[in-house]
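Here's the letter readout for the chains.
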Amino acid sequence: MRRKLALPLALVAAVAVAATACSSSSSSDGSSGGSSGQETKTAAAKVASSVTDYNPQPYENVKDGGTYTTAGTFDEQGNPFNVNGTLNALRIWSWYNADAITYSPTGEVQYNPDYYSDVKVSVEGGDQKVVLTLNPKAVFNDGTPIDWRAIEATWKANNGSNKDYAASSTDGYDRITSVTRGADDKQAVIAFKGVNASWSALFTTFLHPEAAGVDNFNKAYVKTAHPEWGTGPYTVGTWDEHSGNITFVRNPNWWGRPGKLDKRVYVNLESAASINAFKNGELDYTSAVAAESLKQVKTVKDAEVRRGGSPFEYSLYLNTKSPLLGDIQVRKAVQESIDRAQIAKIRFQGLDYSEPLPGSAVLYSFQQGYQDNVAAVLKYDPEEARKTLDAAGWKPGADGVRAKDGKQLAIGYTLLGDDPIEKATASAFTAMLKTVGVKVDVNKVSENDFSKVLSDRRFDLFISGNRSTDPFGARYLCDFYCSDRDSNITGSGTPELDAEIRATGDISDLGQQIAAVNKVEQKALQQYAFLPLYSGPSTYGIKKGLANVGATIFYSPLPETIGWQK
């Protein structure tokens, strides 16, 4: 989903390798059973972006017992509501905190009755009211009732009224005027200013009131967990700060259906090591997004490949706070020099997969209302890039590298890890920009430094990905493009553009809102700081019999349904 990555909980950051190296396309590594025919089994090697493949099984058809092990670990910030929370933080969080609202593969809202026993939405006088009735049995692990105070605390921490909170996103929360007690403590009445059609994305999970204090919100989850503030079918068994390994076990305080697994284990491995660990039987699941890894996975006995679409998108970020990239003409030339089709070819080599080039930060090509906004404002044109740089005063030197005022046009590209595909991508960028007189210095750092690269903006050029965990992409436009948002790690934008972006949030009709978002995004893309590159398939090597795990698009799993098929 990038930090100072202040992306909302439903749109979380992922490094280009690690995003798929140790996760499924859903926050808890799979999909809940009983999908009522929403899924479509992969029918051919070449898949469409809207296909799912995850061995859907009802709860009753999953064995009691067993262990499910994947690569993974905790990040610096473990609170996914926090500005520095990542996809990994959300993934870990979902195994020992509430999964109160989930979505089908195509985005239909699903309320979890273990938390919300009743939901009523009404509009009076143009203002929306949502009444959440919480399950009478619902408690946090420390015995605190899960009641209206948890909803209120989550709202207050994220609504932007207190700037001391390092909140991921205030969008939606800032349109709530109050959260009050209803008929009793187990009922929360949420009052909105206007109508918010995507309100469900705000309360898919929630905070313990104690965790929602400013200091705890910002600092308590740094490199550690707080199972006492959690809830759900599983809780933390071990959390090894030295190795980075994590184990979840059944929660004795859980009131709902018990988790099927005895243990859910994350082993801290670099993505490059996960394939070998899968081949050796140490992991039950691994990503197979590259041709070589896919080839190796296919040779593993008692394993299968599951493959489908994904609500991931990877983009190139240009840091406008870097000295040379502060010039919009340089950024424009850089983007004009990049052959996105060639980058996609590198990424998908050997996968028998193709997709349209992505044209938006917030909507996918398989969603209603999608437009190719990138193509409307930019095309691959190295000759035009040279003209842009000429006009900006950057003249080629004897070595072919352009210079201005005695300074060479040399920019950095931050490369995470040792993955060959990542290295090939970096080489491609270097070659493309060299042809127009821009020198690229590749700076290699560890995958473990992902959060730091983002939060400290340690890059000129950087690829990062985001995963949408809800289908309401239009509501996240500000998180990508508003100049006053930490989530906009490019640092681009203007107050005037911010106002236009925020105005789209006042539109209650989703179709009309999407149309307005498309128009404004075209203006935002002309800052030339953000360039969507590719999405790619969700492809995994998975041990046969593992249920409700794989390519699920928007389908989020309920952890208790994940396990081994009977």
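Residues numbered from 1 in each chain as written. Predicted model: local features only at pLDDT ≥ 70, side-chain atom pairs only at ≥ 80, totals over all residues. Heavy atoms only, no water.

Asks: Explain unusual backbone geometry here, please?
Replies: With glycine set apart, most residues show a phi of negative sign, and most peptide bonds adopt trans. In this model, N55 sits at a positive phi of 50°, which is unusual for a non-glycine residue. Mapped onto the secondary structure, N55 falls in the loop between α1 (18-21) and β2 (67-71). Taking the relative accessible area as the measure of exposure, N55 reaches 16% and is therefore buried. (Helix = DSSP H or I, 4+ residues; strand = E, 2+ residues; numbered from the N terminus. Buried < 20%, exposed > 50% of the residue type's maximum accessible area, 1.4 Å probe, protein only.)

Asks: Quick question: what am I supposed to make of helix α10 (residues 382-391) here?
Replies: Helical periodicity: at 3.6 residues per turn, an α-helix aligns residues three or four positions apart in one direction. Taken together, the buried positions of α10 are occupied by P382, A385, T388 and L389. What you see down the axis of α10 is that its buried residues fit within an arc of 110°, all on one side. Buried residues in α10 make contact with α7 (328-336) and β16 (402-404). At the exit of α10 stands G393, carrying a positive phi of roughly 90°. (Arc of directions from axis to C-beta. Contact = heavy atoms within 4.5 Å.)

Asks: I tried to follow the state of the cysteines on my own but got confused; where do I start?
Replies: Two cysteines, two sulfur atoms, one covalent bond between them: this is a disulfide. In this structure the tally under the stated criterion is one disulfide. Each sulfur of the disulfide joining C478 and C482 lies 2.0 Å from the other. Judged by the torsion about the S-S bond (-110°), the C478/C482 disulfide is left-handed. There is no split in this pair, since C478 and C482 are both buried. (Disulfide = S-S within 2.5 Å.)

Asks: What should I look at first to understand the pattern of salt bridges in this one?
Replies: Two side chains of opposite charge can pair, provided their charged atoms sit close to one another. Evaluated as defined, the whole model comprises 22 salt bridges. Here D185 ties to R149 by a salt bridge, and the two come within 3.4 Å at their closest N and O atoms. With D185 in the loop between β7 (176-181) and β8 (187-192) and R149 in helix α3 (residues 148-158), the pair connects residues that are 36 residues apart, well separated along the chain. Judged by its relative accessible area of 27%, D185 is partly exposed. Taking the relative accessible area as the measure of exposure, R149 reaches 37% and is therefore partly exposed. When the shortest N-O distance is used, the salt bridge between E500 and K523 registers 2.8 Å. Note that E500 is positioned in helix α14 (residues 495-503) and K523 in helix α15 (residues 510-525), a separation of 23 residues in sequence. Looking at E500, the relative accessible area reads 33%, which means it is partly exposed. For K523, a relative accessible area of 41% puts it in the partly exposed group. Taken together, the shared-partner salt bridges in this structure form one network comprising D147, R149, R181 and D185. (Salt bridge = Lys/Arg side-chain N within 4 Å of Asp/Glu carboxyl O.)

Asks: Just checking my understanding: could you explain the sheet that holds strand β5 (residues 116-124) for this structure?
Replies: The four strands are arranged β5-β6-β8-β7 in an open sheet whose pairing can be described as antiparallel. The open sheet has two edge strands with one neighbour each: β5 and β7. Taken over all neighbouring pairs, the strand axes of this sheet differ in orientation by 15° on average, direction set aside. Relative to β8, β7 runs antiparallel, the two sharing five bridges. (Pairing = 2+ DSSP bridges. Axes fitted to C-alpha atoms, helices over the stretch in contact; angles between N-to-C directions.)

Asks: Please clarify how the packing of α7 against α10 should be interpreted in this entry.
Replies: Packed helices, taken two at a time, are described by the angle between their axes plus the distance between the axes. Between α7 and α10, the shortest axis-to-axis distance is 8 Å and the interhelical angle comes to 165°. The angle between the axes of α7 and α10 places the two elements in the roughly antiparallel class. At the point where α7 passes α10, the crossing takes the left-handed sense. Contact residues: α7 offers Q329, V330, K332, A333 and E336, while α10 offers P382, E384, A385, T388 and L389. (Parallel < 35°, antiparallel > 145°, perpendicular 65-115°, else oblique. Left-handed = near helix turned anticlockwise from the far one by under 90°.)

Asks: Any chance you could explain the sheet that holds strand β22 (residues 538-543) here in plain terms?
Replies: The strands making up a sheet are joined through hydrogen bonds of the backbone, oriented either antiparallel or parallel. The sheet built from three strands is open, its strands ordered β12-β22-β13 with antiparallel pairing. Each of the sheet's edge strands pairs with one partner strand only, and the pair in question is β12 (285-287) and β13 (303-308). Taking the axes of each pair of neighbouring strands and ignoring which way they run, one obtains an average angle of 25° across the sheet. When β13 meets β22, the two strands line up antiparallel, connected through six bridges. Bridging from a neighbouring strand, R307 pairs with T539 of β22. Seen against the sheet, helix α5 (residues 271-279) touches β12, β13 and β22 and runs at an angle of roughly 145° to β12.

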